[in-house]
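Notes for the structure review
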Amino acid sequence: MLRLSRDGRRLWSARAQRFEPFRDGAPVPIAPGETAIGITGWTGGAYCCWTLHLFRRGDGGLAHIASLPLGKREPEVVRLVPPGATAIRLADAAFDFWEAPASLAADLHPTIPFRWTGRALEPDRDAMRRPVAAALGTACADMTAPDDMPPPEQRLPTYPDVAGAVAALRARDWTATPARGTQHPGVEAARLAACLIYAGHAAEARRLLHDVWPVGQPGLPETERQLAARLACSAFAAAVRAINARGAPYLGMRCDREGPAQTAVFALGWR
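Residues numbered from 1 in each chain as written. Predicted model: local features only at pLDDT ≥ 70, side-chain atom pairs only at ≥ 80, totals over all residues. Heavy atoms only, no water.

This brings us to the overall build of the protein chain. Scanning the protein chain from N- to C-terminus turns up seven helices and ten strands. Principal axes of the C-alpha set define a box for the protein chain whose edges measure 65 × 40 × 35 Å. In the protein chain, which comprises 271 residues, the share counted as buried stands at 49%. Once local pairs closer than 6 in sequence are excluded, the contacts in the protein chain between residues at least 24 apart make up 55%. In the structure as shown, the protein chain presents an accessible area of about 13200 Å², 50% of it carried by carbon and sulfur atoms. (Helix = DSSP H or I, 4+ residues; strand = E, 2+ residues; numbered from the N terminus. Buried < 20%, exposed > 50% of the residue type's maximum accessible area, 1.4 Å probe, protein only. Contact = heavy atoms within 4.5 Å. Areas by Shrake-Rupley, 256 points an atom, 1.4 Å probe, with all protein chains shown as cover.)

Here we take up the pattern of salt bridges. Pairing is possible between side chains that carry opposite charge, provided their charged atoms lie close to one another. Enumeration over the complete set of coordinates arrives at eleven salt bridges. The shortest N-O distance in the salt bridge between Asp 96 and Arg 73 comes to 2.9 Å. With a gap of 23 residues between them, Asp 96 in the loop between strand 8 (89-91) and strand 9 (111-116) and Arg 73 in the loop between strand 7 (61-71) and strand 8 connect regions that are remote in the sequence. The same class applies to Asp 96 and to Arg 73, which are both buried. Through salt bridges with shared partners, a single network forms among Arg 73, Asp 96 and Asp 142. (Salt bridge = Lys/Arg side-chain N within 4 Å of Asp/Glu carboxyl O.)

In structure tokens:
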């Protein structure tokens, strides 16, 4: 257990199998001219999961300012701040293991920009509201940036507009089982939908899914259920709901972490 106490009073605590300083104790940038102390917690398991706990020393002593779920992303290869940015951008780990409970399964990685309020690190709702073109571009690039791979932005398919995305995905084979190292087009459609939702365009996400899905091909109801279920249990569900219109699709489900909707896509055999 990791505890933060003051004068014999517990202020904060977390449990994990192992805790370590993030990047050997290097300062973690949280805003221009501002840094924090990072401690990672690992729950154990074959592929999962890490959390980055951030602390900052102020006038009242050390304070916990955020706990950022990294999911299956190893801290050594995580890029917290993209090039040209000044704030942390986190990929939501609630959308990891999309089509199977396996290491090679896709992560949809919709992203959340953060802001430092002076007291806490929290989702920046204004920065989350991004144009549709950004959501179809590199706005939701993943955080993993190993030295032996191209930057995340260069590993991501991008599209000029919704019509271009629909045309590109409709041109792919929706009937075959994906070969090793490839993804079913329904996974890429779900990734684009998740990014649109996290950019404030949930209605556009539904239109994209319904326009791109070939008539008679399975997977659309399962994809929509799983999107709603994963979002409902995300640590950032409140921020995502706040940036979308009232009554927007996919945002009304209650969290059920053990419910069948969490893994509805698994039964489709896409991995």
